[in-house]
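Geometric and topological summary
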Amino acid sequence: MKKEIETKFDVPLELDVNGTLSKLKAIINEEGFSVTASIIEHRTFQYYDTSNLDVYKKGETIRRVSGFKKGEDKALHRYDFKVGALDDRYEANQWSNDLLTSPEILERLNLKKFYAVIIPSAFANTQHDKMKLKKDETLIELTIDYFKVDEGGEFRELELELEHGSASDLKVLSEKIKINLDLKEINQQKYSRVIESMPKYRTQVISLS
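So, a few notes on the structure that sits alongside this text. Along each chain, numbering runs from 1 in the same order as the chain's sequence is written. Totals for whole chains, interfaces and linings use all residues, but because this is a predicted model, local features are given only for residues with pLDDT of at least 70 and pairs of side-chain atoms are given and counted only at 80 or more. To obtain the side-chain values, all non-hydrogen atoms of the structure were used and water was disregarded.

Each helix corresponds to a stretch of at least 4 residues labelled H or I by DSSP, and each strand to a stretch of at least 2 residues labelled E; elements are numbered beginning at the N terminus. Summing up its helical and strand segments, the protein has six helices and ten strands in all. Taken over the C-alpha trace, the protein has a radius of gyration of 18 Å; the compact-globule value for 209 residues is 17 Å, and the two agree within 12%. Once the C-alpha set of the protein is aligned to its principal axes, its extents read approximately 50 × 40 × 30 Å. A burial count over the protein gives 46% of its 209 residues as buried. Only the protein chains shown count as cover for residues, and all accessible areas are computed by the Shrake-Rupley method using a 1.4 Å probe. In the form shown here, the protein has an accessible surface area of approximately 11,000 Å², with 49% of it arising from carbon and sulfur atoms. For the charge count, each Lys or Arg is scored as positive and each Asp or Glu as negative, with His and the chain ends excluded. Every charge is mapped to an atom, namely NZ of Lys, CZ of Arg, CG of Asp or CD of Glu. Considering the protein, the positive charge centre built from 33 side chains and the negative charge centre built from 37 side chains are found 2 Å apart. To get the radius of gyration, use the C-alpha atoms; to get the globule rule, take the number of residues to the power 0.38 and multiply by 2.2 Å. Working definition: with a 1.4 Å probe on protein chains only, accessible area under 20% of the residue-type maximum means buried, over 50% means exposed, and in between means partly exposed.

Mapped onto the fold, D129 is located in strand β7 (residues 119-135). In protein, a polar contact requires one atom able to donate a hydrogen and another able to accept it; more generally it is a pair of N or O atoms within 3.5 Å, and residues adjacent in sequence count only if both atoms are side-chain atoms. For D129, the side chain forms a polar contact with the side chain of Q127, separated by 3.3 Å. Every residue pair with non-hydrogen atoms within 4.5 Å of one another is taken to be in contact. Apart from residues lying up to four places away in sequence, D129 is in contact with L21, I39, I40, L142, T143 and I144.

Where helix α1 (residues 17-30) meets helix α4 (residues 167-181), the axes come as close as 10 Å, and the angle between the chain directions of the two elements is 135°. Relative to α4, α1 is oriented oblique. The two elements α1 and α4 meet at a crossing, and its hand is right-handed. Facing α1, whose interface residues are T20, K23, L24, I27 and E30, α4 presents L173, K176, I177, N180 and L181. The class makeup of the residues in the contact of α1 with α4 is five nonpolar, two polar and three charged. Where helices are involved, their axes are fitted lines through C-alpha atoms of the stretch in contact, as for all axes, and angles between N-to-C directions lie from 0 to 180°. Angular relationships are summarised with four words: roughly parallel below 35 degrees, roughly antiparallel beyond 145, roughly perpendicular across 65 to 115, and oblique for the angles in between. Two helices crossing with the near one rotated counterclockwise from the far one by less than a right angle form a left-handed crossing, whereas a clockwise rotation gives a right-handed crossing. Here the term charged refers only to Asp, Glu, Lys and Arg, the term nonpolar to Ala, Val, Leu, Ile, Met, Phe, Trp, Tyr, Cys and Pro, and the term polar to all other amino acids, Gly among them.

With 14 residues, α1 ought to run about 20 Å at 1.5 Å a step, and its terminal C-alpha atoms sit 20 Å apart, in line with that. Within α1, the full set of buried residues consists of T20, L21, L24, I27 and I28. Looking straight down α1, one finds that the buried residues subtend no more than 120° of arc, so they occupy a single side. α1 presents N18, K23, N29 and E30 as exposed residues on the side facing more than 90 degrees away from its buried surface. Buried positions along α1 lie against β3 (34-49), β7, β8 (138-149), β9 (154-164) and α4. Expected helix span is taken as 1.5 Å per residue step, with the number of steps being one fewer than the number of residues. Summarising the geometry, the arc corresponds to the directions from the helix axis toward the C-beta atoms.

Attention now goes to the packing of aromatic side chains. Under the pairing criterion, centres of Phe, Tyr and Trp rings, with the six-membered ring standing for Trp, must be within 6.5 Å; the plane angle then separates stacked pairs below 30 degrees from edge-to-face pairs above 60, leaving the rest tilted. Here the structure, examined in full by the defined rule, presents five aromatic pairs. Ring centres of F68 and W95 lie 4.8 Å apart, and the angle between their planes is 65°; on these two criteria the pair is classed as edge-to-face. With F68 in the loop between β4 (61-66) and β5 (77-83) and W95 in strand β6 (residues 89-96), the pair connects residues that are 27 residues apart, well separated along the chain. Here the aromatic cluster, defined as three or more aromatic residues joined through ring pairs, consists of F45, Y47, F147, F155 and Y191. Throughout this description, the term charge over a ring refers to an Arg CZ or Lys NZ atom that lies within 6 Å of the ring centre and within 35 degrees of the ring normal. In this structure, R43 packs its charged tip against the face of F68, placed 4.2 Å from the ring centre.

Here a cavity denotes a set of grid points, spaced 1 Å apart and computed over the protein atoms alone, in which a 1.4 Å probe fits but from which it cannot get out, and a pocket denotes an open set meeting protein on both sides within 12 Å along at least five of seven lines; residues with an atom within 4 Å of a point are reported as lining. Grid points are joined across faces, edges and corners, and a volume is the space filled by probe spheres set on the points. Its volume calculated, the largest pocket comes out at about 1,000 Å³. Forming the boundary of the largest pocket are 39 residues, of which R63, R78, K130, E141 and E161 lie nearest the centre. Counting residues per element, the lining of the largest pocket draws most heavily on β3, which supplies seven residues. Here the residues of the lining of the largest pocket are counted per class, giving eleven nonpolar, six polar and 22 charged.

The next thing to look at is the pattern of salt bridges. Any carboxyl oxygen of Asp or Glu that lies within 4 Å of a side-chain nitrogen of Lys or Arg is treated as forming a salt bridge with it. Enumeration over the complete set of coordinates arrives at 21 salt bridges. Here E41 and K130 are joined by a salt bridge, their closest N and O atoms 3.3 Å apart. Taken as a pair, E41 in strand β3 and K130 in strand β7 lie far apart in primary sequence, 89 residues in all. For E41, a relative accessible area of 17% puts it in the buried group. Residues E185 and K178 are paired through a salt bridge, measuring 3.9 Å at the closest nitrogen-oxygen approach. E185 sits in the partly exposed class, given a relative accessible area of 41%. By relative accessible area, which is 29% here, K178 ends up partly exposed. One salt-bridge network, held together by shared partners, links K8, D10, D145, E157, E159, K190 and R193.

Following this line, the structure appears as structure tokens:
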């Protein structure tokens with residue numbers, strides 16, 4: 001499994017995305033980073049859980065991400081398993097051109113020893129404004145994620161993930177963005193936000209608080 005080194009901020013929905021991106025680019029330049037690539041992606045996220053929300057309770061994520069392009073990406077779908085707190089989080093991935101069944105997902109992600117049965121729990125349409133940032137040997141991916149949850153709410157996050165190089169560069173840039181854009185740092189996985197935005201799970205979520 002691969003360890004993720006990242007920082008996340010909540011971005012209020014009322015903030016203008018274009019204005020936020022302009023401010024971000026100014027901060028990026030001030031900190032000595034260059035933008036080596038910029039892209040907007042649209043994806044769909046199908047999440048899986050047990051009937052008792054055991055995956056959610058444990059702070060883990062099982063999902064299928066779709067919307068990749070044949071010939072450009074590794075496959076049409078990526079199946080992910082995430083585990084651990086945000087500051088100590090690990091991720092495993094499996095790519096497939098097929099829509100796997102729930103038992104096949106457990107098999108491919110080596111999760112059968114943890115979960116006997118999983119079912120679709122939530123679905124979201126997403127947009128991701130991504131930038132690759134480079135400074136010397138440090139490479140960071142900056143993404144503004146917008147999630148619209150079926151039968152649920154909407155939210156937006158800004159995420160900085162270290163792909164290579166200095167964690168201190170990530171920390172300095174994150175702090176500058178936090179202060180200049182007046183953003184709230186969050187330590188919550190997206191799947192938790194998805195589930196907690198859905199009225200049909202409210203009773204189960206409240207019982208855990």
